[in-house]
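In case you want the letters, here they are:
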Amino acid sequence: MTKLAFFISGTGGNALNLVRACREGRVPGEPALCIASSPKAGGIEKLAAEGIPTAVVDRKGFDSDEAFSEACYQEVEAAGAAVICLAGWLKKLWVPPRWEGRILNIHPGLLPKFGGAGMYGMHVHRAVLAAGALESGCTVHLVDNEFDHGRVLLERRVPVLSDDTPEALQARVYAEEMKAFPEALAAFLVALKPAKP
Ligand code: GRF
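The structure displayed is predicted, hence computed values, not measured ones.

## Notes on the overall build of the chain
Across its full length, the chain holds five helices and seven strands. Starting at the N terminus and walking to the C terminus, you meet the elements of the chain as β-α-β-α-β-α-β-β-α-β-β-α. Taken over the C-alpha trace, the chain has a radius of gyration of 16 Å; the compact-globule value for 197 residues is 16 Å, and the two agree within 12%. A principal-axis box enclosing the C-alpha atoms of the chain has dimensions of 50 × 40 × 35 Å. Within the chain, the proportion of its 197 residues that are buried is 48%. Residue pairs at least 24 apart in sequence account for 64% of intrachain contacts in the chain once pairs closer than 6 positions are excluded.

## A closer look at the packing of helix H1 (residues 13-23) against helix H5 (residues 166-192)
The N-to-C vectors of H1 and H5 enclose an angle of 50°; their axes lie 10 Å apart at closest approach. When the interaxial angle is binned, H1 and H5 end up oblique. In this structure, H1 meets H5 at a crossing whose hand is right-handed. Between H1 and H5, the contacting residues are Gly13, Asn14, Asn17, Leu18 and Ala21 on the first element and Tyr174, Glu177, Met178, Phe181, Pro182 and Leu185 on the second. Its residues assigned to classes, the contact of H1 with H5 comprises seven nonpolar, three polar and one charged.

What counts, and where the lines are drawn
Residues numbered from 1 in each chain as written. Predicted model: local features only at pLDDT ≥ 70, side-chain atom pairs only at ≥ 80, totals over all residues. Heavy atoms only, no water. Helix = DSSP H or I, 4+ residues; strand = E, 2+ residues; numbered from the N terminus. Rg over C-alpha atoms; globule rule 2.2 N^0.38 Å. Buried < 20%, exposed > 50% of the residue type's maximum accessible area, 1.4 Å probe, protein only. Contact = heavy atoms within 4.5 Å. Axes fitted to C-alpha atoms, helices over the stretch in contact; angles between N-to-C directions. Parallel < 35°, antiparallel > 145°, perpendicular 65-115°, else oblique. Left-handed = near helix turned anticlockwise from the far one by under 90°. Nonpolar A, V, L, I, M, F, W, Y, C, P; charged D, E, K, R; others polar.

Right, dumping it as structure tokens:
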């Protein structure tokens, strides 16, 4: 079973959802590690309470994205994880060649629109409403060295309602995230390679 690492900066909601999906057999992966980018990321305690090994790699302790990212990969590689899921991760992660194609992210909008630096969380939903878009959704994609840019694996769509608030839209999109990330990760792992005996 492929070992998985989850990277979080916030509530850990998506990571916990993926842990649940693994345990229920909906995702053929084994949660091996959760990394938080700051000790303030509240989700890390929830993941630890689920029995997932955790580590804090505080971005403040590093003077470059590359050094910070390498410190994260060292933890991941020590845990034997082969795939990384960015689940509410707000720091720039530099992707070296050895990790290309094995890092997934979930974005609360329909890429390539409403993505890029600074476009996260409620900023996305406000921008969608301000643009008068008729639909929104979430995108699971591979991570490369440009923000919100790698190959799209799966998207799920929701309507934008005429009386929507950013909060209402966020809740509608988040409900789809709970389905999209497990679904995309499961398909990705099945296609990755046959499980080692
Ligand atoms: C989600 O909306 C996700 O799409 C985005 O960050 C948010 C994280 O939510 N990348 P949570 O911390 O998993 O609840």
